[in-house]
Amino acid sequence: SFIATAENLYNKITGYYDLIDVFLCPSQAMRNLAINSKINPDKLFVLNSFIKESFFNINPEYNDKGYFLYIGRLSKEKGVHYLIEAINKFPDIKLHIVGKGPEEKNLMELSEKLNTSNVTFLGFLSDKEVEDEYKNCIATILPCNWFETFGLTIVESFAYGKPVIASKIGAIPELIENHINGIVFQP
C-alpha cells in the first residue's frame, strides 16, 4: 500500500497523469474512485469487463442440486472466511468453494476448526467443471470485504440463470438489482 501510495503521489507531483489522454474504468464505482483521487473526470470513461463469447450461448439452468457456490480467488479481501463462519451456523445449507489462492490453507483450517461438514473445497476446476458448478448451484455468493472493481463472476452467474448474493461494496451494486437478480448486504 505504501509503494502504491508513493507511486500515485509521485505521478501527481510530476504531472504524469496529465500526459494520459484516457483512463478506462471497469465500472462507475471505479470512475468515482478515480474522480475522488483528483483525476480529471473528462479523461475517465467506463468500459465494463468482458466475458467470453461462449457465455452468450448458454442456456440458463433454473434447477439446482441444493448448494450455494463461491467461485474465485481465495484471498482475504474476498471475505470467504466470513462466508465459512456464517454457513457454519446453518448446517443444512451446503457450500461449494471453487478456487485457489493464498488463503486456501487458512480457509480449510477454519472450516476444520469449526467442524463444518457442509463446506466442500473443490480447488481449481476445468472450464467444464466450473460450468457444471454454476448450472447446479442455487445461487453464487460473493462476500467481499474490499472494493470490488467489477465482479466478473456476477455476470457469469447471471449467464447461467443464477442469482447472486453479494456485499454492497464497490461496483457490485451496479450489477445486482436487490431482490430482482440477487441480494446485496452490508459487508
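Residues numbered from 1 in each chain as written. Predicted model: local features only at pLDDT ≥ 70, side-chain atom pairs only at ≥ 80, totals over all residues. Heavy atoms only, no water.

Caption draft 1: Structural context of the nonpolar core. Among the nonpolar cores identified, the biggest contains 25 residues, and Ile97 and Ile172 are the most heavily contacted of them. Looking at this core, the elements that each hand over two or more residues are strand 3 (67–71), helix 3 (80–87), strand 4 (94–98), helix 4 (104–113), strand 6 (140–142), strand 7 (164–167) and helix 7 (172–175). Looking at this core element by element, the count peaks at four residues for helix 3. Beyond its immediate chain neighbours, meaning those up to four positions away, Ile172 contacts Leu142, Cys144, Glu148, Ile154, Ala166, Ser167 and Val184. (Core = buried A, V, L, I, M, F, W, Y, C linked by side-chain atoms within 4.5 Å. Buried < 20%, exposed > 50% of the residue type's maximum accessible area, 1.4 Å probe, protein only. Helix = DSSP H or I, 4+ residues; strand = E, 2+ residues; numbered from the N terminus. Contact = heavy atoms within 4.5 Å.)

Caption draft 2: Inspection of the side chain of Ser157 at higher detail. Along the chain, the position of Ser157 falls in helix 6 (residues 152–159). For Ser157, a relative accessible area of 0% puts it in the buried group. Setting aside chain neighbours within four positions, we find Ser157 in contact with Tyr134, Thr140, Lys162, Pro163 and Val164.

Caption draft 3: Local environment of unusual backbone geometry. Its identity as a non-glycine residue notwithstanding, Asn115 has a phi of 60 degrees, on the positive side. Relative to the elements of secondary structure, Asn115 occurs in the loop between helix 4 and strand 5 (119–123). We note that His179 has phi near 70 degrees; this positive angle belongs to a residue other than glycine. On the secondary structure map, His179 appears in the loop between helix 7 and strand 8 (182–185).

Caption draft 4: Spatial organisation of a nonpolar patch on the surface. Side chains of Val22, Leu24, Phe45, Leu47 and Phe50 sit close together on the surface and give an oily, nonpolar patch of about 530 Å² of accessible area. Structurally, the position occupied by Leu47 is in the loop between strand 2 (44–46) and strand 3. (Patch = residues over 30% accessible without salt bridge, like charges linked within 9 Å, V, L, I, M, F, W, Y side chains within 5 Å. Areas by Shrake-Rupley, 256 points an atom, 1.4 Å probe, with all protein chains shown as cover. Salt bridge = Lys/Arg side-chain N within 4 Å of Asp/Glu carboxyl O.)

Caption draft 5: Main features of the pattern of salt bridges. For the coordinates displayed, the defined rule picks out eight salt bridges. When the shortest N-O distance is used, the salt bridge between Glu77 and Arg73 registers 2.4 Å. Judged by relative accessible area, which is 26%, Glu77 ranks as partly exposed. Ionic pairing is found between Lys78 and Glu148, a salt bridge with its closest N-O pair at 3.1 Å. Here Lys78, found in the loop between strand 3 and helix 3, pairs with Glu148, found in the loop between strand 6 and helix 6; they are 70 residues apart in sequence, far enough to count as distant.

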